[in-house]
Amino acid sequence: MSITFKNLSHIYNEKTPFPSAALKNINLEIADGSFTAIIGETGSGKSTLVQHLNALLLPTDGEVRVNDFVIKAGEKIKDLKQLRRQVGLVFQFPEYQLFEETIETDVAFGPKNFGIEEKEAKERARYVLELVGLDASYLERSPFDLSGGQKRRVAIAGILAFDPDVLVLDEPTAGLDPQGAKEMMDLFKKLNTDFGKTIIMVTHDMEHVLNYCDEVILLKKGEVELVSDVKNFFKDSTIDSLDVQPPHIVEFKRQLEARGFAFDEDAFDLPTLVQSLKGEFDHE
Amino acid sequence: MIKVEDLHFNYDEHEETIKGVNFTVEAGSYTSIIGHNGSGKSTIAKLLIGLLEKSSGSIEIDGMELNEENLYAIRSLIGVVFQNPDNQFIGSTVADDIAFGLENKQVPQENMQAIIDKFSKVVGMYDFLDREPTSLSGGQKQRVAIAGVLAMDLKVIILDEAASMLDPRGKKEIHELINKLHEEENLTVISITHDMEEVLRSDKVIVLEHGHVKMSGTPAEILQHEDELVALELDIPFVYKVQKELKEIGIEMDTQVSIEGVVEQLCQLHSKI
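Cut-offs and rules
- Residues numbered from 1 in each chain as written.
- Chains lettered and ligands numbered in written order.
- Predicted model: local features only at pLDDT ≥ 70, side-chain atom pairs only at ≥ 80, totals over all residues.
- Heavy atoms only, no water.
- Salt bridge = Lys/Arg side-chain N within 4 Å of Asp/Glu carboxyl O.
- Buried < 20%, exposed > 50% of the residue type's maximum accessible area, 1.4 Å probe, protein only.
- Helix = DSSP H or I, 4+ residues; strand = E, 2+ residues; numbered from the N terminus.
- Contact = heavy atoms within 4.5 Å.
- Buried area = accessible area lost by both parts, 1.4 Å probe.
- Polar contact = N/O pair within 3.5 Å; in protein donor to acceptor, adjacent residues only side chain to side chain.
- Nonpolar A, V, L, I, M, F, W, Y, C, P; charged D, E, K, R; others polar.

Draft legend 1. Spatial organisation of the pattern of salt bridges. The final tally for this structure, using the stated rule, is 20 salt bridges over all chains. Across the pair K72 of chain A and E63 of chain A runs a salt bridge, and its minimum N-O distance is 3.7 Å. Exposure remark for E63 of chain A: the relative accessible area of 9% places this residue in the buried category. Taking the shortest distance from any N to any O, the salt bridge between E264 of chain B and R259 of chain A comes out at 3.1 Å. Note that E264 of chain B is positioned in helix α11 (residues 259–272) and R259 of chain A in the loop between α9 (248–258) and α10 (270–283), a pairing that runs across two chains. When salt bridges with common partners are traced through the structure, they connect E63, R65 and K72 of chain A into a single cluster.

Set out below in structure tokens:
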């Protein structure tokens, strides 16, 4: 069980006078249970790529395989509903899609839509709301009375409520304050490590990539520019040419290395770097 | 430039959102306002431009009390750029959007084109004057919003998390533009932000908590109260975390506000041993 993209291309407005190729011949494999970051500039095809994972967009050419599902150019997908239950997609600014009168009914909407009984759907709503940090006192409240960060938790709970194996997140922390972003990222990490969910996250935040993800996929102009595990990605000096703003710790380490200090090449946390510095200063 | 005294405001009768706020902003300065969500940051921005009406206290801008009588005079001095680039684009093209405020201000038609040209050049959008908003990036839309504010010949710009929804390139565009305007045109900047790197570049920082000023001062002064900032769920800039860790292992240096500064100090200290 894993996710594979094979020779995938996507052209927007095909068969019109203004076609635009958003993805070109993408070949990728995403391991089951991984936490994968998809990065790249605005317009590089990140959102287009992930929207293929639950067949919201269909390939113009090539195919995507998710577990036993095959999404192929020009072919009808068998059991689309089941695919969408396995792959939960959280859009950018998902809080704009809340619509029910109470938080409980909003979160229970997804499971009910997938045929789960009302009673169980409500139990699930209660459970996932707790998971995203909103206790039972929120159930009867209107989602529209919440702060932006809380609304986003409700929207994410609405996806978790039908228990997808794969969680696809498109810039989940954009516009949140640092504390809200951290809580959100900690939740995804927990879903990944404790619940074994495969997480695929589109992001611009390299601090999050370094601190939470295992794998990085970099897209550029609709093509795969680079696939790497996270540590190698930040170790590798080729990222300098990739228009990526490195995390502060990487920047700090690099500048010191350029001035002759030496560190363990795998060390990307402040305490370890500072301990190595201590060694250098004591040693003299 | 701006003097706020004992400012109070409530959205409803149950709870006050702003509970007796005092601060001043010097002409030509760069002030950051920080605080967690719900601390009253955006409410203060709206009060300062008269989008909301205070319940008591006073707001004085350039020697004028903000009241109904002076509202238009004050709005010709101070403007705001909000967070969401899609919610503030009014015109059907870039030129229309910049013209909107000018038309409101009844700037004669014959002068308008020159003003639009000038400020679209300042924000680097001159080549896009005929473009529609759908064909622009978030950063470009925010630059147009800034041009619209600048075209009104304002003295003070308030940025209400104006870069927070943008990608790294968009953020950089906005920061560079604002720094340039601040330094070269002496624009007074009030930035509501979560970006601690931006906070470090400010002249003054105001920290809000539950509708009152928890503390204010230079970035270095504010960051001495690290424990309080952490308690307020605010981010501590990386460069300060580094210096704290270094201090704990006995490496002390004059307070640095950039990574480059810390590296330089470390090299100097190292060469002395």
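Draft legend 2. Region of interest: the interface of chain A and chain B. Facing the 27 residues of chain A at the interface are 29 residues of chain B. Roughly 2,800 Å² of surface becomes buried between chain A and chain B when both sides are summed, with 69% attributable to carbon and sulfur atoms. The three residues of chain A that bury the most area against chain B are H248, F252 and F281 of chain A, which together make up 21% of that side's buried surface. Seen at the junction of chain A and chain B, the total is one salt bridge. At the boundary of chain A with chain B, the tally comes to three residue pairs in polar contact (both at pLDDT 80 or more). Looking at the side of chain A that touches chain B, the elements with two or more residues in it are α6 (178–193), α9 and α10 of chain A. No other element matches α10 of chain A, which puts eight residues into the side of chain A that touches chain B. Taken together, the residues that form the side of chain A that touches chain B break down as 12 nonpolar, seven polar and eight charged.

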